[in-house]
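# Topology and contacts: notes
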Amino acid sequence: MTELPITIAHESPANTAAIERMHQRTFGPGRFARTAFRLREHTPPDLSLSFTAHVSTMMVGSVRLTPIGIGDTPALLLGPLTVEPPFRSVGIGARLMRVCMEAACAQGHNLVLLVGDAPYYARFGFVVVPHGQITMPGPVDPARLLVAELNPGAFAGVTGLVRGAAAAA
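As the structure is a computational prediction, the values presented were derived from the model and not from experiment.

Next up on the list: the overall build of the chain. Helix and strand counts for the chain come out as 5 helices and 9 strands. In the chain, the order of α-helices and β-strands from amino to carboxyl end is β-α-α-β-β-β-α-β-α-β-β-β-β-α. At 15 Å, the chain has a C-alpha radius of gyration in line with the 15 Å of a compact globule built from 169 residues. Along the first, second and third principal axes, the C-alpha set of the chain runs to 45 × 30 × 25 Å. Each of the 169 residues in the chain was classed as buried or not, and the buried ones make up 44%. In the chain, the proportion of contacts linking residues at least 24 apart, taken out of those at least 6 apart, comes to 69%. Working note: accessible area of the chain is about 8500 Å², and carbon and sulfur atoms make up 59% of it. Between the centroid of the 13 positive side chains of the chain and the centroid of its 11 negative side chains there is a distance of 6 Å.

This is the structure in structure tokens:
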């Protein structure tokens with residue numbers, strides 16, 4: 001199998017429309033009702049921590065990190081991680097994950113939260129949040145509420161309501 005020539009780059013404002021179209025194809029209109037989407041609704045992603053994947057000039061994936069608060073603790077919300085269907089299962093999502101997690105760590109962030117599949121995200125250091133430790137502002141399957149500590153022990157003692165950064169300020 002020939003490896004695809006994939007380029008990873010920081011997301012830029014020029015990517016917004018193409019990423020939104022990718023989210024529409026991947027998640028459909030129901031995404032607007034999801035709790036994670038609602039948290040991101042009034043807070044833009046941090047473009048220094050958000051990345052796109054390209055094969056030649058075609059964007060085939062993206063990942064975003066958005067500032068949030070968990071109680072009084074600053075954190076990041078990961079997502080959506082999106083890869084165009086024909087390019088799934090070739091490692092693009094994993095490359096995007098590694099790049100964004102390394103960038104967050106390098107910038108001194110401590111926690112990344114997401115709503116997703118634990119078996120997929122475990123390889124990037126995510127674990128299920130202990131039941132009742134934090135509260136999401138809407139319905140979330142507790143088995144899909146995941147956190148990664150970018151520094152060991154960073155999640156110890158963190159409790160409270162998860163809020164978008166605009167609400168946390």
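Right, picking up where we left off after that structure.
Looking now at the pairing of strand S8 (residues 145–149). Among the 5 residues that make up S8, 4 are buried, leaving the element largely enclosed by the rest of the structure. For strand S5 (residues 111–115) and S8, the ladder comprises 5 bridges, and the chain directions are antiparallel. For leucine 114, the partnering residue across the bridge sits in S8 and is leucine 146. Where strand S6 (residues 126–128) lies against S8, 3 bridges are found, and the strand directions are antiparallel. When the sheet's bridge partners are listed, valine 127 is paired in S8 with valine 147.

So, about the packing of aromatic side chains. Inspection of the entire model under this criterion finds 3 aromatic pairs. With a centroid separation of 5.9 Å and an interplanar angle of 75 degrees, the aromatic rings of tyrosine 121 and phenylalanine 126 are classed as edge-to-face. The residues tyrosine 121 and phenylalanine 126 share a single accessibility class, namely buried. Pairwise contacts between aromatic rings join Tyr120, Tyr121, Phe124 and Phe126 into one cluster.

Right, let's talk about the side chain of arginine 64 for a bit. Mapped onto the fold, arginine 64 is located in strand S3 (residues 58–70). Side chain to side chain, arginine 64 and glutamate 11 meet in a polar contact 2.8 Å long. Excluding residues that lie within four positions of it along the chain, arginine 64 makes contacts with Glu11, Thr16, Ile19, His23, Pro45, Ser50, Leu77, Leu78, Gly79 and Pro80.

This part is about the nonpolar core. Leu78, Met101, Tyr121 and Phe126 are the most contacted members of the largest nonpolar core, which has 29 residues in total. For this core, the secondary-structure elements that each account for two or more residues are strand S2 (51–55), S3, strand S4 (73–83), helix H3 (92–106), S5 and S8. At 8 residues, H3 tops the list of elements feeding residues into this core. Apart from the residues within four sequence positions on either side, phenylalanine 126 is in contact with Leu78, Met97, Met101, Val112, Leu114, Tyr121, Leu146, Val147 and Ala148. Counting residues in hydrophobic clusters, the runner-up holds 17 residues, among them Ala36, Ile68, Ile70 and Val129.

Bringing the confidence of the model for the chain into the picture now. Looking at the chain as a whole, its pLDDT mean stands at 90, while 92% of the residues score no less than 70. Within the chain, the lowest mean pLDDT, 60, falls on helix H5 (residues 165–168), and the highest, 98, falls on S6.

For the coordinates displayed, the defined rule picks out 2 salt bridges. The partner of glutamate 11 in a salt bridge is arginine 64, with the nearest N and O atoms 2.8 Å apart. Of this pair, glutamate 11 sits in the loop between strand S1 (6–10) and helix H1 (16–27) while arginine 64 sits in strand S3, and the two are 53 residues apart along the sequence. Close ionic contact of aspartate 117 with arginine 144 constitutes a salt bridge, the shortest N to O distance being 2.3 Å.

Rules behind the numbers
Residues numbered from 1 in each chain as written. Predicted model: local features only at pLDDT ≥ 70, side-chain atom pairs only at ≥ 80, totals over all residues. Heavy atoms only, no water. Helix = DSSP H or I, 4+ residues; strand = E, 2+ residues; numbered from the N terminus. Rg over C-alpha atoms; globule rule 2.2 N^0.38 Å. Buried < 20%, exposed > 50% of the residue type's maximum accessible area, 1.4 Å probe, protein only. Contact = heavy atoms within 4.5 Å. Areas by Shrake-Rupley, 256 points an atom, 1.4 Å probe, with all protein chains shown as cover. Lys, Arg positive; Asp, Glu negative; His and termini not counted. Charge placed at Lys NZ, Arg CZ, Asp CG, Glu CD. Pairing = 2+ DSSP bridges. Phe/Tyr/Trp six-rings, centres within 6.5 Å; stacked < 30°, edge-to-face > 60°. Polar contact = N/O pair within 3.5 Å; in protein donor to acceptor, adjacent residues only side chain to side chain. Core = buried A, V, L, I, M, F, W, Y, C linked by side-chain atoms within 4.5 Å. pLDDT = per-residue confidence, 0-100. Salt bridge = Lys/Arg side-chain N within 4 Å of Asp/Glu carboxyl O.

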